[in-house]
Amino acid sequence: MTSRPTMTATGVEQSQAASLAAQNVSVRFGGLTAIGDVTLGLEREKILGLIGPNGAGKTTLVNCLTGFQRPTEGSILLGGQDTAGWSAERFRHQGVARTFQAGRLFKDLTVVENVEVTGTGMGLGRRQAHHLAMELLAWLGMADKADIVAGTLPYTDERRVGIARALFLGPAFLLLDEPAAGMADAECDELAQIVLDIPRTFTCGVLLIEHNMRMVMGTCDFIHVLDSGRTIAEGTPAEIQRNKKVLAAYLGGEGEKQLEMAEGHH
């Protein structure tokens, strides 16, 4: 990877917030409780894993942490400040960025244009946005694909472009929603190295929502486990690997095999 991109070139005020937290957050949709009384904290320059089975409430929690969903109860705190009433755009301006499970790229634009649009949408000139976009693509090892039409990219490269767009504003916190989905082990290992490099390169915290245990155990400082919308475990990768509640509720069968492989990889 190349040296750190000059993120201050955006002219966007960098967030000084030291933490992003959910405090006793519950989300209900009618009679369904998607999240029940969850408390979670993410710090700068740390990688926090968020795992759990399908339907556990992971994406709903990420939506709360980024302003796409308002909690029914509880608070989202950025640097200790209550964010009640904030829009997703305000979260983004205050240094909270995310990727999505679906790439959400502009398929008819080139790779570099997909990244540039983040800057031009914030009022940057095209030349400045292009310069920063190219720096980010170089950092991610994609400079040679800058002029390729995004709609022709393989799935794994779509994920990297999504990360470049999320990093464009030099966020304080980056939330990655299943970035390794569908990747082979070698591709996953390459992505894991990028995820490991993000906190120390951009001084931001990373929340990693991921089913791939090889990646989770190999990158995360700490892991938070949800099941049916509630916290069932928190701890280091080693502690989670030994947690009987996690094994019983989440990792049985194929997942348990993944965990054994991840333990050897970590």
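This is a predicted model, so every value here is computed, not measured.

(A) Expanded view of unusual backbone geometry. Residues other than glycine seldom take positive phi values, yet N24 does so here, at roughly 50 degrees. Mapped onto the fold, N24 is located in strand β1 (residues 19-29). Exposure remark for N24: the relative accessible area of 38% places this residue in the partly exposed category. Unlike most non-glycine residues, T203 shows phi in positive territory, near 50 degrees. Within the fold, T203 resides in the loop between α6 (185-202) and β8 (205-209).

(B) Region of the structure containing the nonpolar core. One finds F168 and I198 to be the most contacted residues of the largest nonpolar core, which totals 50 residues. Per element, the largest residue contribution to this core is seven residues, and it comes from α6.

(C) View of the sheet that holds strand β10 (residues 230-235). A sheet is described by the order of its strands in space; here six strands give the open sequence β6-β7-β8-β3-β9-β10, paired in mixed fashion. Strands at the two margins of the open sheet, each flanked by one partner only, are β6 (96-98) and β10. Ignoring which end each strand starts from, the neighbouring axes of this sheet average 20 degrees apart. In the sheet, strand β3 (residues 47-51) pairs with strand β9 (residues 222-227) via four bridges, with the strands oriented parallel. Opposite G49, over in β9, you have I223 as the bridge partner. Helix α5 (residues 155-167) rests against β6 and β7 (173-177) of the sheet, and its axis sits at about 160 degrees to β7.

(D) A look at the pairing of β8. For β8, the tally of buried residues reaches five of five residues, placing the bulk of the element in the interior. Relative to β8, β3 runs parallel, the two being bridged by four bridges. Bridge pairing in β8 links L50 to I209. Where β7 lies against β8, five bridges are found, and the strand directions are parallel. Bridge pairing links L175 to L207 in β8. In this fold, the crossover linking β7 to β8 by way of α6 has right-handed handedness.

(E) Representation of α5 within the structure. Its 13 residues give α5 an end-to-end C-alpha distance of 19 Å, which sits within 8% of 18 Å, the value for a rise of 1.5 Å per residue. Within α5, twelve of the 13 residues are buried, which leaves the element mostly enclosed by the surrounding structure. Taken together, the buried positions of α5 are occupied by T156, D157, E158, R159, R160, V161, G162, I163, A164, R165, A166 and L167. At its buried positions, α5 is contacted by β6, α3 (111-120), α4 (126-139), β7 and α6.

(F) Seen up close, the confidence of the model for the chain. Mean pLDDT over the chain stands at 87; residues scoring 70 or higher make up 87%. Here residues 7-13 is a poorly scored stretch, pLDDT under 50, and it has 14 contacts once near neighbours within four places are set aside; other chains count.

(G) Structural view of the packing of aromatic side chains. The final tally for this structure, using the stated rule, is three aromatic pairs. Ring geometry for F68 versus F100: centroids 5.7 Å apart, planes at 90 degrees, classification edge-to-face. Of this pair, F68 sits in the loop between α1 (58-65) and β4 (73-78) while F100 sits in the loop between β6 and α3, placing them 32 residues apart in sequence. By relative accessible area, F68 is classed as partly exposed at 45%. Taking the relative accessible area as the measure of exposure, F100 reaches 21% and is therefore partly exposed. The ring of F68 carries R98 above its face, with NZ or CZ at 5.1 Å from the centroid.

(H) Focus on the pattern of salt bridges. Taken as a whole, this structure holds nine salt bridges when the rule is applied. Residues joined in a network through salt bridges with shared partners are E113, E116 and R126.

(I) Structural detail: the packing of α3 against α4. Direction vectors running N to C along α3 and α4 enclose 125 degrees, while the axes themselves pass 8 Å from each other. Regarding the angle of α3 to α4, the classification is oblique. In terms of crossing hand, the pair formed by α3 and α4 is right-handed. Facing V111, V112, E113, V115, E116, G119 and T120 of α3, the residues of α4 in contact are R126, A129, H130, A133, M134, L136 and L137. Classifying every residue of the contact of α3 with α4 by side-chain character gives eight nonpolar, three polar and three charged.

Conventions we followed
Residues numbered from 1 in each chain as written. Predicted model: local features only at pLDDT ≥ 70, side-chain atom pairs only at ≥ 80, totals over all residues. Heavy atoms only, no water. Helix = DSSP H or I, 4+ residues; strand = E, 2+ residues; numbered from the N terminus. Buried < 20%, exposed > 50% of the residue type's maximum accessible area, 1.4 Å probe, protein only. Core = buried A, V, L, I, M, F, W, Y, C linked by side-chain atoms within 4.5 Å. Pairing = 2+ DSSP bridges. Axes fitted to C-alpha atoms, helices over the stretch in contact; angles between N-to-C directions. Contact = heavy atoms within 4.5 Å. Right-handed = clockwise from strand over helix to strand, strands pointing away. Expected span 1.5 Å × (residues − 1). pLDDT = per-residue confidence, 0-100. Phe/Tyr/Trp six-rings, centres within 6.5 Å; stacked < 30°, edge-to-face > 60°. Lys NZ or Arg CZ within 6 Å of the ring centre and 35° of its normal. Salt bridge = Lys/Arg side-chain N within 4 Å of Asp/Glu carboxyl O. Parallel < 35°, antiparallel > 145°, perpendicular 65-115°, else oblique. Left-handed = near helix turned anticlockwise from the far one by under 90°. Nonpolar A, V, L, I, M, F, W, Y, C, P; charged D, E, K, R; others polar.

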